[in-house]
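Here is how the chains run, residue by residue.
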Amino acid sequence: MVSYLEMWSIAQLCRCTQSLRVAQSKLLVSGTRTGINTSLVSRQLITQTKHNKVTSWKGLRISDIIKSNGMLARFCSSAPKPKSTKVVGYWLLGCSGMVFTAVVLGGVTRLTESGLSMVTWKLLGEKMPRSEEEWEREFEKYKQYPEFIYKNQSMTLSEFKWIWYMEFAHRTWGRCIGAAVFLPAAFFWMRGYLDKAMKIRVAAYCVLVGAQGLMGWYMVKSGLEDRFQGPSDVPRVSQYRLAAHLSLAFILYTGLLAGALRVLRPFPLSATYKSLKELKGVTAFAHAVKAMAFLTAVSGAFVAGLDAGLVYNSFPKMGDNWIPDDILAFSPKLRNFTENPTTVQFDHRILGTTTLALATALWLMSRGKKLSPMARRVVNGVGAMAWLQVALGISTLLHYVPTPLAASHQSGSLVLLTLAIWLTHEIKLLKYIPK
């Protein structure tokens, strides 16, 4: 019988993922030894036996010990095997790319006013019309809702097909994201690819994907309600729900990208975390740029929801004034910040300019710091992208919001956020000092 202590020791050997550390004097060596180079073709566990008061060593393989005891063999065969985490990182990176594409598609859908063309929502997707009769029935449904009644009475069937296809593509891509997140998450979870921290992250990603889909329909539903009775009312989705929908997308994208970076560019294991005083300022500005890029993007959702980009199409002044007269025209005053197009555009300008100032200060401050080559390239990218994003915003405003420029401007906000997230990760890597 194998004692409990022997079983425990052998089990530890089975579970160990590193090479056995056995003294060379107790290893059977196959091959030749030349100089100081030793070729270890096979390693064997050594057991001591005594014959006629003469001590000798007999080699016995670990596999032989395990095979001699069936219970130990079953125990060792069921021991957890090391899993590759790189595939999890690439999965998260791919999902973040899909969310990036969804944001771009959503922006184009909003700019082309296609979001209200599909007046129903089904969990697994709507059926695409195949015949002219089916298209006519779908068009008749659309005619019963405010956007057609108050705005698109002259729309033809071919024009309706175009906006319907746009919304269909956006919704279908969103469902593809759901499949790309949920199915691999279940597989990785069951196969043991996720540690405890990653399980929490993956669970949060799944919740965010579900919330994003529900918020998308909740947003569209606000544009289908018959609440546009005023002479200047334009059927559109609620700017509050639009901002919530975009915010969830940005949060999901941020989480997926940060998770991918943690896996693909992990913090060193054999290292200690040390606070580097010379990087405090760079770290603070990097986090500030990240936060401001997010807030500016959310304020952009209010601009899009209220079509605020179509008022005061001049820069740097708004009309003839730096601060327009109607900036606080609504009562109570707080309504102006979310419902007055003039105030919403003014706030977006201020937030964008502040983000640019912080990104520029970050670039200037980092010039004299000891950064890694990768961190240096990323911080240069943050500075350049901030200026490009402001240029895109000004061009979009001056040209009365053309779709290509406006879509590029919205995509630019996500690119800037991406670089800021990457930069904060690279700076944190610098604080891990090898032992």
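(A) Region of interest: the packing of aromatic side chains. Throughout the structure, instances matching the rule amount to 18 aromatic pairs. Summarising the aromatic geometry, the rings of phenylalanine 187 and tyrosine 193 are spaced 6.3 Å apart at their centres and angled 35° between planes, so their arrangement reads as tilted. Centroid distance tyrosine 240 to phenylalanine 302: 5.9 Å. Interplanar angle 85°. Geometry classified as edge-to-face. Here the residue tyrosine 240 occupies a position in helix H9 (residues 239–264), and phenylalanine 302 occupies one in helix H10 (residues 280–305), the gap between them amounting to 62 residues. Ring-pair connections join several aromatic residues into one group, and the members of that group are Trp135, Phe139, Tyr142, Phe148, Phe160, Trp164, Tyr165 and Phe168. The side chain of lysine 143 reaches across the aromatic face of phenylalanine 139, ending 4.6 Å from its centre. When the ring centre of tyrosine 218 is taken as reference, the NZ or CZ atom of arginine 241 above it lies at 3.6 Å.

(B) Examining a nonpolar patch on the surface more closely. Together, Trp121, Leu123, Leu124 and Leu214 make up an exposed nonpolar region whose accessible area comes to about 500 Å². Relative to the helices and strands, tryptophan 121 resides in the loop between helix H4 (86–111) and helix H5 (132–143). According to the relative accessible area criterion, tryptophan 121 is partly exposed, its value standing at 31%.

(C) Region of interest: the pattern of salt bridges. Summed over the entire model, instances satisfying the criterion amount to 11 salt bridges. We note a salt bridge from arginine 265 to glutamate 426, for which the minimum N-O separation is 2.6 Å. One end of the pair, arginine 265, is in the loop between H9 and strand S5 (271–273); the other, glutamate 426, is in helix H14 (residues 403–430), with 161 residues separating them in the sequence. Residue arginine 265 is classed as partly exposed on the basis of its relative accessible area, which comes to 31%. Here the salt bridges do not stand alone but share partners, grouping Glu126, Glu167, Arg171 and Arg175 into one network.

(D) The packing of H4 against helix H7 (residues 157–191), seen in detail. Put simply, H4 and H7 touch, their axes get as near as 10 Å, and they point 165° apart. With respect to H7, the axis of H4 lies roughly antiparallel. Our pair here, H4 against H7, has a crossing hand that is left-handed. Contact residues: Val87, Val88, Trp91, Cys95, Met98, Val99, Thr101, Ala102, Leu105, Gly106, Val108 and Thr109 in H4; Met166, Glu167, Ala169, His170, Trp173, Cys176, Ile177, Ala180, Val181, Pro184, Ala185 and Phe188 in H7.

(E) Just the side chain of glutamate 147, in detail. Along the chain, glutamate 147 falls in helix H6 (residues 146–150). Here glutamate 147 is in contact with Glu113, Leu116, Tyr142, Asn152 and Pro235, once residues within four sequence places are set aside.

Criteria and thresholds
Residues numbered from 1 in each chain as written. Predicted model: local features only at pLDDT ≥ 70, side-chain atom pairs only at ≥ 80, totals over all residues. Heavy atoms only, no water. Phe/Tyr/Trp six-rings, centres within 6.5 Å; stacked < 30°, edge-to-face > 60°. Helix = DSSP H or I, 4+ residues; strand = E, 2+ residues; numbered from the N terminus. Lys NZ or Arg CZ within 6 Å of the ring centre and 35° of its normal. Patch = residues over 30% accessible without salt bridge, like charges linked within 9 Å, V, L, I, M, F, W, Y side chains within 5 Å. Areas by Shrake-Rupley, 256 points an atom, 1.4 Å probe, with all protein chains shown as cover. Salt bridge = Lys/Arg side-chain N within 4 Å of Asp/Glu carboxyl O. Buried < 20%, exposed > 50% of the residue type's maximum accessible area, 1.4 Å probe, protein only. Axes fitted to C-alpha atoms, helices over the stretch in contact; angles between N-to-C directions. Parallel < 35°, antiparallel > 145°, perpendicular 65-115°, else oblique. Left-handed = near helix turned anticlockwise from the far one by under 90°. Contact = heavy atoms within 4.5 Å.

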